[in-house]
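An overview of the molecular structure
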Amino acid sequence: MPANLTQQYLKAEAEYRRASTPEEELQCLEVMLRELPKHKGTDKLHAELKQKISKAKKESQQAKAKGKRAGGFRIPRQGAGRALLIGGPNAGKSQLLRSLTRATPEVAPYPFTTREPLPGMMPWEDVMVQLIDTPPITADVFDPVTQGLIRGAELALLLVDLGSDDGIDQLQQVLDALHATKTRLAKASCLDEEDLGVSYTQAFLVPNKIDLPEAAERLELLHEFCPLDFPQHRISAQHGAGLEDLREAIYQALDVVRIYTKLPTHKEPDYNRPFTIRRGGTLWDVAELIHKDFVQNLKHARVWGSAVHDGTTVKGDYVLHDKDVVELHL
Ligand SMILES: Nc1nc2c(ncn2[C@@H]2O[C@H](COP(=O)(O)OP(=O)(O)OP(=O)(O)O)[C@@H](O)[C@H]2O)c(=O)[nH]1
Ligand SMILES: [Mg+2]
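Now for a quick tour of the structure. Values in this document were obtained by computation on a predicted structure and should not be read as measured data. (Residues numbered from 1 in each chain as written. Chains lettered and ligands numbered in written order. Predicted model: local features only at pLDDT ≥ 70, side-chain atom pairs only at ≥ 80, totals over all residues. Heavy atoms only, no water.)

1. Structural notes on helix α2 (residues 22–35)
Operational definition: Helix and strand assignments follow DSSP, with helices taken as H or I runs no shorter than four residues and strands as E runs no shorter than two, numbered in order from the N terminus. One less than the number of residues in a helix, times 1.5 Å, gives the span that helix is expected to have. Residue contacts are defined here by distance: any two heavy atoms, one from each residue, within 4.5 Å place the two residues in contact.
Taking 1.5 Å as the rise per residue, α2 with 14 residues should run 20 Å; its terminal C-alpha atoms sit 20 Å apart, in good agreement. At its buried positions, α2 is contacted by α1 (7–18), α3 (43–66) and β6 (190–191).

Encoded structure:
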């Protein structure tokens, strides 16, 4: 990616990856084009964005003409971000969702138990993160719904079954299936600069069932035959080993900060429900989450936090820090 991309560009890019209709795509692409710095290094990206915009315009008109509602299967976004549980059959995806959330997907010793994506909310300190369990991916089956979900997620947890000699082969099948599409995994989420259609989702490698006796040997083989540079979190989804570290790592990977709001008439902020915005985000981002009119009407705000004196008055472009308290004045 070229240097000097603005916060607005990065925000629009993240939203573009999550877009599920041509109209949503179009809105994001237009912001990206507007925000793209113009110099030699961005010529290609500039041309590519224009191409994508004209394609999205056509698709959006076609969709309108057909009166079609896009996106058959939709799970509403909730919480500070979305992490997807993916992997081969029996890797323990459903068990992990059960262990980290209150959702109750079916867990069974035979493959292909899960047929449809299922969400659950994972608590971390005072925020919630949406986790989604998915059907297994193999060389023969890769559901387009799962593919779309991976693309729009902030993080993918790639589970590996250390309870079976087939675990490594199954992992390789998942990677191959992904590689054959325009949805890939990487150390950080981004769009491919050469081809904006190719989207990378940040991933963790999650070898599961480390409670089993042969797990350590299989893990060594995995590192030898299938080296991956994603951060690794070894767990036992069933017995709990590694789960608290994983929970924290999932939250940290979202790269968000928590903001508490306070009414001018109240002494204390509302500590029950923080808003979360991406790190580097501003007061305007919080205002937008509360109400879309707030962005335009915001006059100033007072901030209590780590980087300012208590109650300092700031403008909408103020970059917020984790656990800042803000009092918006309209
Ligand atoms: N020993 C051990 N067994 C586990 C662990 N996690 C899951 N299992 C078992 O592995 C089997 C498969 O678990 P599931 O959670 O259903 O696996 P899945 O990835 O959702 O499987 P599909 O839905 O078929 O893709 C079940 O018998 C679980 O009890 C673990 O940490 N340790
Ligand atoms: Mg399952």
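Next comes the rest of the description.
2. Observations concerning the packing of aromatic side chains
The criterion, for reference: Any pair of Phe, Tyr and Trp rings, taking the six-membered ring for Trp, is counted once the centres come within 6.5 Å. Such a pair is stacked with planes under 30 degrees apart, edge-to-face with planes over 60 apart, and tilted for the rest. Only protein chains enter the accessibility calculation, which uses a 1.4 Å probe; a residue whose area is less than 20% of its type maximum is buried, one above 50% is exposed, and one in between is partly exposed.
Considering all chains together, one arrives at two aromatic pairs under this definition. Between tryptophan 124 and tyrosine 251, the aromatic rings sit 4.0 Å apart at their centres with planes inclined by 10°, giving stacked as the arrangement. Taken together, the positions of tryptophan 124 in strand β2 (residues 118–124) and tyrosine 251 in helix α8 (residues 243–254) put the pair 127 residues apart, joining distant regions of the chain. In this structure tryptophan 124 comes out as buried when scored by relative accessible area, which is 8%. The buried category is assigned to tyrosine 251, whose relative accessible area is 4%.

3. A few points about the pairing of strand β3 (residues 127–133)
Each regular strand shows side chains that alternate between the opposite faces of the sheet. Stated precisely, the cut-off is as follows: A pair of strands is labelled paired if DSSP reports no fewer than 2 bridges between them.
Across the seven residues of β3, six count as buried, placing the element largely inside the fold. Two strands pair when backbone bridges link them, and strand β1 (residues 82–87) and β3 are joined in this way by four bridges, in the parallel orientation. Residue arginine 82 lies in a different strand from β3, and its bridge partner there is glutamine 130. Across seven bridges, β2 lies against β3 in antiparallel orientation. If you follow tryptophan 124 over to β3, its bridge partner there is valine 127. Where β2 folds back onto β3 in an antiparallel hairpin, the turn is made up of two residues, including glutamate 125, whose phi is positive at roughly 45°.

4. What about α1?
Helix length check: α1, at twelve residues, gives a terminal C-alpha distance of 17 Å against a target of 16 Å (1.5 Å per residue), a fit within 8%. Among the residues of α1, those classed as buried are Tyr9, Ala12, Glu13, Ala14, Tyr16 and Arg17. Check the buried side of α1 and you find it contacts α2, α3, α5 (144–152), β6, β7 (199–208) and β9 (275–278).

5. A few points about the coordination of the magnesium ion (ligand 2)
Using the following cut-off: Any nitrogen, oxygen or sulfur atom within 2.8 Å of a metal ion counts as a donor, with the limit raised to 3.2 Å for Na, K and Ca, and since water is left out, coordination shells can look unfinished.
Within the first shell, the magnesium ion (ligand 2) binds the protein through Ser94 (OG) and Thr114 (OG1), at distances of 2.0 to 2.1 Å. Here serine 94 is found in helix α4 (residues 93–100), whereas its partner threonine 114 is found in the loop between α4 and β2, with 20 residues between them in sequence. Look at threonine 114 and you get buried, because its relative accessible area is 15%.

6. Overview of the pairing of strand β5 (residues 183–186)
Covered by surrounding structure in β5 are Thr183 and Leu185 together with Arg184 and Ala186, the residues of both alternating faces. Pairing of β5 with β7, which is carried by four bridges, proceeds in the parallel orientation. Counted as the bridge partner of leucine 185 is threonine 201 from β7.

7. What about the environment of alanine 83?
Mapping alanine 83 onto the fold places it in strand β1. Residues alanine 83 and alanine 237, 154 residues apart in the sequence, show an inter-C-alpha distance of 16 Å. If we skip the residues at most four places from it in the chain, alanine 83 touches Gln130, Leu131, Ile132, Leu155 and Ile250.

8. Some remarks on the site of ligand 1
So the rule is basically this: Neighbouring residues are identified by heavy atoms, a residue being near a molecule or strand if any of them is within 4 Å of it. Between N or O atoms, a polar contact is any pair within 3.5 Å; within protein, one atom must be a potential hydrogen donor and the other a potential acceptor, and residues adjacent in sequence are included only when both atoms are from side chains. Shrake-Rupley sampling with a 1.4 Å probe provides the accessible areas, and residues are treated as covered by the protein chains on show and by no other component. In this classification, the charged set is Asp, Glu, Lys and Arg, the nonpolar set is Ala, Val, Leu, Ile, Met, Phe, Trp, Tyr, Cys and Pro, and all remaining amino acids, among them Gly, are polar.
The full set close to ligand 1 counts 23 residues, and Lys93, Ser94, Gln95, Phe112 and Asp211 are the nearest of them. In this structure, an oxygen atom belonging to ligand 1 sits 2.8 Å away from a main-chain N or O atom of glutamine 95. In this structure, glutamine 238 approaches ligand 1 through a main-chain N or O atom, which is 3.0 Å from an oxygen atom. A total of 650 Å² of accessible area belongs to ligand 1 in isolation, and the protein chains cover 91% of it. With three residues, α4 is the single largest residue contributor to the shell around ligand 1. Within the shell around ligand 1, the residues separate by chemical class into eleven nonpolar, nine polar and three charged.

9. Topic: the sheet that holds strand β8 (residues 256–261)
Note the following rule: Each axis is a line fitted through C-alpha atoms, taken for helices only over the stretch in contact, and angles between the N-to-C directions span 0 to 180 degrees.
With respect to topology, five strands assemble into an open sheet ordered β9-β8-β12-β10-β11, the strand pairing being mixed. A single partner strand is all that each edge strand has here, and the edge strands are β9 and β11 (308–314). The mean inter-strand angle of the sheet, taken between neighbouring strand axes irrespective of direction, is 30°. Strand direction decides the pairing type here: β8 and β9, joined by four bridges, are antiparallel. Along β9, the bridge assignment pairs isoleucine 259 with phenylalanine 275. The sheet strands contacting helix α9 (residues 283–290) are β8, β9, β10 (300–305), β11 and β12 (324–329), and the helix crosses β9 at an angle near 135°.

10. Some details on the packing of α4 against α8
What counts here: We call two directions roughly parallel when the angle between them is under 35 degrees, roughly antiparallel when it is over 145, roughly perpendicular when it lies between 65 and 115, and oblique otherwise.
Relative to each other, α4 and α8 sit at 85°, their axes nearing to 11 Å. Taken as axis vectors, α4 and α8 run roughly perpendicular relative to one another. Counting all contacts with α4, which are made through Leu96, Ser99 and Leu100, the residues of α8 involved are Leu243, Leu246, Arg247 and Ile250.

11. Re the environment of arginine 302
As for its placement among the helices and strands, arginine 302 is situated in strand β10. For the pair arginine 302 and glutamine 78, spaced 224 residues apart in sequence, the C-alpha to C-alpha distance is 28 Å. The contact partners of arginine 302, leaving out residues within four places of it in the chain, are Gly311, Thr312, Thr313, Val325, Val326, Glu327 and His329. From its side chain, arginine 302 meets the backbone oxygen of glycine 311 in a polar contact 3.1 Å long.

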